Every structure is written in structure tokens, then in C-alpha cells.
2 protein chains.
Amino acid sequence: MAPIRLAIVGLGKIARDQHIPAIAATEGIELAAVASRNAALDGVAHFATLDDLLADSADIDAVALCTPPQVRRAQAEAALAAGKHVLLEKPPGATVSELGPLVAAAEASGRTLFATWHSRFAPAVEPARTFLAERAIRSVIIEWKEDVRVWHPGQEWIWEPGGLGVFDPAINALSILTQILPRPVFVTKAHLAFPTNRDAPIAAELGLSDVAGIPIRAELDFLQTGPQTWDIRIETEAGQIVLSSGGARLVHDGAVLVDEKEAEYRGIYARFVELVRGGRSDVDLAPLALVADAFLLGRRSIAEPFEY
Amino acid sequence: MAPIRLAIVGLGKIARDQHIPAIAATEGIELAAVASRNAALDGVAHFATLDDLLADSADIDAVALCTPPQVRRAQAEAALAAGKHVLLEKPPGATVSELGPLVAAAEASGRTLFATWHSRFAPAVEPARTFLAERAIRSVIIEWKEDVRVWHPGQEWIWEPGGLGVFDPAINALSILTQILPRPVFVTKAHLAFPTNRDAPIAAELGLSDVAGIPIRAELDFLQTGPQTWDIRIETEAGQIVLSSGGARLVHDGAVLVDEKEAEYRGIYARFVELVRGGRSDVDLAPLALVADAFLLGRRSIAEPFEY
């Protein structure tokens, strides 16, 4: 079977660090073009914009949108209309409501739409889900604290409306949470701190619950220096499990169950190949809906101005 | 067929002004009880809380939740678990994500869950929908400007997180918009002004669109004195239509098509009787999802402190 010929749109940090190596390592898909105004890749067809690419792309089967979320909806719409399969980086868009029409467009065109949540492909996530499926859960604490200057150097779009601020990393935690818990969750309380000079929060505290009333707390910070924290601690009737390092490691009452090098984006592309070949889409809006709810329900406070 | 025996939970302004007269005027349903900590109604069984009511309510078939949105989810869950049909005032909850489990609970219990949007029952809404179904739309302008001191006197919950502020009335406009337009809409831009001493916006401007690219603008204000404005103006290939007075009046290029006294809540209760008898639910989250998206995507600014 001929490999899927993929174009990357938006050749920024995430595309270079993750997508390109993962595509190279995945059977059934190959990088055939790049659309990027400012950057190109040796040996790969280059277009300045997605529109240029779509105008001259008979041999491209699919696009991976690695652009900021604020522009993805229009790009996904254009790509689907041109008959391409579409892979969306996370978050899948700038709003929840814009995704419904994209799902409908993918269905109508018979193309695959894949809203990726890379953290769901971390090695400890499926073992955690299996563990929790059979045990009563008492409480959950999420700590997602990183240094924005290290992980998002100079990324201005993250502070723009729709850029999510500290929720850009924290939505990864929510994507894991909604994957491993046996029941749907919802936000019950939120507090968001906005720098005076920015339109997205730099820190937040969330309260969530599920229908069984499990208390879930999340502490999110974008100014963590020193050790970085991407942990989910879950108390159960059978002791405590801790997912750490963003889902790469799982410890149960001190015993290490999983401690693997992450290969999240290889998981994403293997799944994308499977979806395209099966003629299916995969669009779960739950993590983004939780973030929207946190903004809707959140108390706001003012934080110090932020500059890189 | 015996009438549905209904209890009102939360005997505030909306229950007295709208629900009680509408129930009295609707065939097939009767007011059998009230749960309210501070108020009672002559000749109707009274309970201090919903829990008290559910503990002693063998003869109650359904509850109408007229409490603030921040407490509705837990109340709806308890009522469905007790085998009651549930009618939710608008907005149906404090978040979008909390509604999914309620829909599932209603399905599992075989009870009706009805998330009401009273403005959709305004007399000009269905004629507007029919008009627009057959004509190309060029643009939409929503102006929803009212005096919070007149329409929500002393209502502190509206300023709390989840109370929606100016979106409490504006969600009515969005409920009409999503009913009359032929395609789904989404938020593309938002600006929200928060009083320094409040957790909900007092004014907002929204940009929206549908997949056909129709530009939609909304101007929302909670400090409008003098004439009050609840208008939607739509330019089409066949001239302009204006829905005014919150959907009671429809004018096409100066010619009045509809100008009727509103009877929205009678429409709501007639529909509720129909849903209960048919064993169906009706939960459309689109208006609340648009509001959540506006908060998610919105630039924030600070407004003067607000006191009643």
C-alpha cells in the first residue's frame, strides 16, 4: 500500500522537535511537503502558504496543522474541501463550537479528521486507565507547573486570545484525565490569573468532579523554575498511583509500574495512518470544553505583567 | 390522561412572573409543590429544599429548576435519580461539560430532560427561521442592551462566576440566532468588560461566523437606560429583516410580518408536556457553548465597579 503523502503546515518548534522525527519513524506515511512562510526543509517541496500548497497539491493526501490554534479552523476547512485528510495539533481550535462544522465537513467529504492529544499516547496512560477501571477512586490532584520561558520561548500567540496561556500545557493534563477516568468530568470551580499585559492566564486553580463526586483539583503554573512538574496523583481504594513526567512514568504505592521513554508522536502518526486507512475520524472535544468551562466559570485576578 | 404534577424549585422573579402563570394556562400540567427556602405559595405544598421535596414526593412527576445556574446540575441529578422529569431554566447549567452526564442520566432513567431557551418560543422566531431557510444571508447584527437594575434588581448571583453577567440576557439572543440560521455558528472574536468588583462581564462585543462566512456581530450592554434594545437585524439577498422586542416582532423592509404579545413560557410548558408524554428529551447546548467560547477567546478589559 502506498504511503500517505503528508504536508506539514507551520514549521515551528513542535513540528521540528516532534512531528518530523515521528513521521520519519512511522510506517505508511511520509513527509512530502511543507507550507511555512518563514522556514523550509531541505529536500522537501516548499510552499509559502497552505493555499499555495492546495492549489498545487495533486500528490498530497493529508496535512498536519502545526500552526497556532487561532488559524487552524480555516486551514482545516480549506484542506478538507480540497480532499485532504487533516491532523490537528492540540488544542484542535480556538473554540469548541468551531469544531462541530469541521467534523461534519470531514464526514461529508469522506476524509479523516484527527484531533490529536499527544499526552494520551504517553506510555503510562493506558496502564493507568486499566488500573483505575477496576478500583474505586477517592481523589485526584493534578500539578502542571512549567517554565514558559523554557518550553515556549518567544511564543507570542500563546498569550493572545485563543492561545490559552497556561492551559496550553495544562490541556495535556486534562486530555490524560479524561482518558483515564471511568466517568466524564466537569469543572466546578476555577480561578484564573491574567498578567496585566496579556490576554491569557499565567496560572490557575481548578476544581473538578465526576458524577460519582470524586474531588479533583488542578494547580497550574507557567512560572515554575527549577524542577518542572507534570504529575497526576490519584488516591484509590487500592493505594496511590502517580503519573509523572507528563505520563511517561507510573508509580503505585512506591513501586514503579512504568518508566519509559516517551514516543507520543509516533503513537499519533501510527493512529493517523490507521484512521486514514479505516476511513474514520477521531475528534474528542472534552479537554477543550473543560478549558472553555474554566474560563466561563472562573474568577479572574490580575497578575504581574509578563515579558519573555 | 392525568396532568403532570410539577414542583417549582426556586421561587424567585422568573418563577413568579413567568412559570406560575404559564403552568396555570397549560393543559396537561399542574403546579403541585414549591421548594424554596424563603418563599411559599398559598394553596401549594411547600418544602424548604429540593431534598426535602424528593424525600416526600411520591405524587410529584416533574420539577422545574428556576434556581441560579450554579446549583442546577446537582439539583437536576438528584431529581432525575428520584425518577422526576426535569425542566431547566436557561442557561441549563454553569458549564457545558456538566450537561453531558445529565443527558446520560435522563436517558438511563427514561425521564425527560428539557433545557429550555424561552426566547426560541417568541412569536417571530419560527417565521424568521422559515424566511431565512430560503434566502442567502449577507450579515447579522445583534444588539442586546438592557438595564440590569430594571430586569435583574438585586440579583447578586448573576455577577458570580457562572452567573454570566450580560450574557444572561444575551444568551437569549444566541438561542434565537442558533435557531433561525440555517448553519451552525461559532465565535471568531470577543471582547468582554468586567467591572473591577465583579466576576462576570457587564458589556461585550462578539464576532461570529458560520461555515458560509456570514459576518455576525453582537453588541451586548447591561447598562442601557432609556429605550431597551433586543434586536437582531439580518441583511439578505431579499432585503432586511429585523427581529425586535426579543423576538416578538418581525419586520421585512419596513413591512410588519409579526407583532404579537409574547407567550414564551406557555410555549415552553406545552413543549414540556409533549416531551414527557413522548418519553423524549430536548437538550441543545449550542447557546451555552457559544458563551463559553466567548469567555475562552475573549480579550478582557476592566470596567467601572458596579453596584445595584
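As annotated in an unreviewed UniProt entry, chain A carries the name Oxidoreductase domain protein and is attributed to Ancylobacter novellus.

**A look at the overall build of chain A**
The helix and strand inventory of chain A stands at 9 helices and 15 strands. Its C-alpha radius of gyration of 19 Å places chain A within 12% of the 19 Å reference for a compact globule of 308 residues. Over its C-alpha atoms, taken along the principal directions, chain A stretches across nearly 55 × 45 × 35 Å. Classification of the 308 residues of chain A by burial places 57% in the buried group. For chain A, the accessible surface area stands at approximately 12100 Å², while carbon and sulfur atoms represent 50% of it. On chain A, the mean spot of the 28 positive side-chain charges and the mean spot of the 40 negative ones are 2 Å from each other.

**Observations regarding the interface of chain A and chain B**
Interface size is commonly expressed as the accessible area that is lost once the parts come together. On the chain B side, the residues contacting the 31 residues of chain A number 31 residues. Here chain A meets chain B over a buried area of about 2700 Å², counting both sides, of which 62% is carbon and sulfur. Counting across the interface, chain A meets chain B through 4 salt bridges. Where R299 of chain B meets E160 of chain A, a salt bridge forms, and the shortest distance between an N and an O atom there is 3.2 Å. Our count for the chain A to chain B interface comes out at 8 residue pairs in polar contact (both at pLDDT 80 or more). When contributions to the side of chain A that touches chain B are tallied by element, the ones reaching two or more residues are helix 3 (69–81), strand 8 (185–195), helix 9 (286–297) and strand 15 (299–303) of chain A. Looking at the side of chain A that touches chain B residue by residue, the class counts come to 19 nonpolar, 4 polar and 8 charged.

**Things to note about the packing of aromatic side chains**
Residues and elements named next belong to chain A. Within this structure, the stated rule accounts for 14 aromatic pairs over all chains. A ring pair is formed by W159 and F222, whose centres lie 5.7 Å apart and whose planes are at 45°; its orientation type is tilted. Here W159 is found in the loop between helix 6 (148–151) and helix 7 (167–180), whereas its partner F222 is found in the loop between strand 10 (216–221) and strand 11 (229–236), with 63 residues between them in sequence. The same class applies to W159 as to F222, namely buried. On the numbers, 4.8 Å between centres and 35° between planes, the contact of W159 with F306 is tilted. With W159 in the loop between helix 6 and helix 7 and F306 in the segment after strand 15, this residue pair connects regions lying 147 residues apart in the sequence. Take W159 and F306: they sit in the same class, and that class is buried. Grouped by ring-pair contacts, the aromatic residues W159, F222, F306 and Y308 constitute a single cluster. Across the ring face of F131, the terminal group of R135 is positioned such that the distance to the ring centre comes to 4.0 Å.

**Quick notes on the nonpolar core**
Ranked by size, the top nonpolar core spans 166 residues in total, and within it V140 and F167 of chain A together with V140 and F167 of chain B carry the most contacts. If we skip the residues at most four places from it in the chain, V140 of chain A touches L177, L181, I214, P215, I216, R217, I232, R233 and I234 of chain A. Counting residues in each nonpolar core, the second largest holds 25 residues, with I20, V34, Y269 and V276 of chain A among its members.

**Looking at the pairing of strand 4 (residues 62–65) of chain B**
Residue and element names in this part refer to chain B. Neither face of strand 4 is left uncovered, since the one carrying A62 and A64 and the one carrying V63 and L65 both have all their residues buried. The sheet contact formed by strand 1 (residues 4–9) and strand 4 spans 4 bridges and is parallel. In the strand pairing of strand 4, L6 is matched with A62. The pairing of strand 4 with strand 5 (residues 85–88) spans 4 bridges and is parallel. Looking at strand 5, one finds that L65 is bridged to L88. This β-α-β element, strand 4 to helix 3 (residues 69–81) to strand 5, shows right-handed connectivity.

**A short note on the pairing of strand 11 of chain A**
Residue and element names in this part refer to chain A. Of all 8 residues in strand 11, 6 are buried, a share of seventy percent or more. In this structure, strand 7 (residues 137–145) lies alongside strand 11, joined through 8 bridges in antiparallel fashion. Counted as the bridge partner of S139 is E235 from strand 11. With 5 bridges connecting them, strand 11 and strand 12 (residues 239–244) associate as antiparallel partners.

**Observations regarding the environment of A248 of chain A**
Residue and element names in this part refer to chain A. Positionally, A248 belongs in the loop between strand 12 and strand 13 (249–252). Under the relative-accessibility criterion, A248 is labelled buried at 9%. Each residue touching A248, except ones within four places of it in the same chain, is listed here: A122, P123, A124, V258, D259 and E260.

What counts as what
- Residues numbered from 1 in each chain as written.
- Chains lettered and ligands numbered in written order.
- Predicted model: local features only at pLDDT ≥ 70, side-chain atom pairs only at ≥ 80, totals over all residues.
- Heavy atoms only, no water.
- Helix = DSSP H or I, 4+ residues; strand = E, 2+ residues; numbered from the N terminus.
- Rg over C-alpha atoms; globule rule 2.2 N^0.38 Å.
- Buried < 20%, exposed > 50% of the residue type's maximum accessible area, 1.4 Å probe, protein only.
- Areas by Shrake-Rupley, 256 points an atom, 1.4 Å probe, with all protein chains shown as cover.
- Lys, Arg positive; Asp, Glu negative; His and termini not counted.
- Charge placed at Lys NZ, Arg CZ, Asp CG, Glu CD.
- Contact = heavy atoms within 4.5 Å.
- Buried area = accessible area lost by both parts, 1.4 Å probe.
- Salt bridge = Lys/Arg side-chain N within 4 Å of Asp/Glu carboxyl O.
- Polar contact = N/O pair within 3.5 Å; in protein donor to acceptor, adjacent residues only side chain to side chain.
- Nonpolar A, V, L, I, M, F, W, Y, C, P; charged D, E, K, R; others polar.
- Phe/Tyr/Trp six-rings, centres within 6.5 Å; stacked < 30°, edge-to-face > 60°.
- Lys NZ or Arg CZ within 6 Å of the ring centre and 35° of its normal.
- Core = buried A, V, L, I, M, F, W, Y, C linked by side-chain atoms within 4.5 Å.
- Pairing = 2+ DSSP bridges.
- Right-handed = clockwise from strand over helix to strand, strands pointing away.

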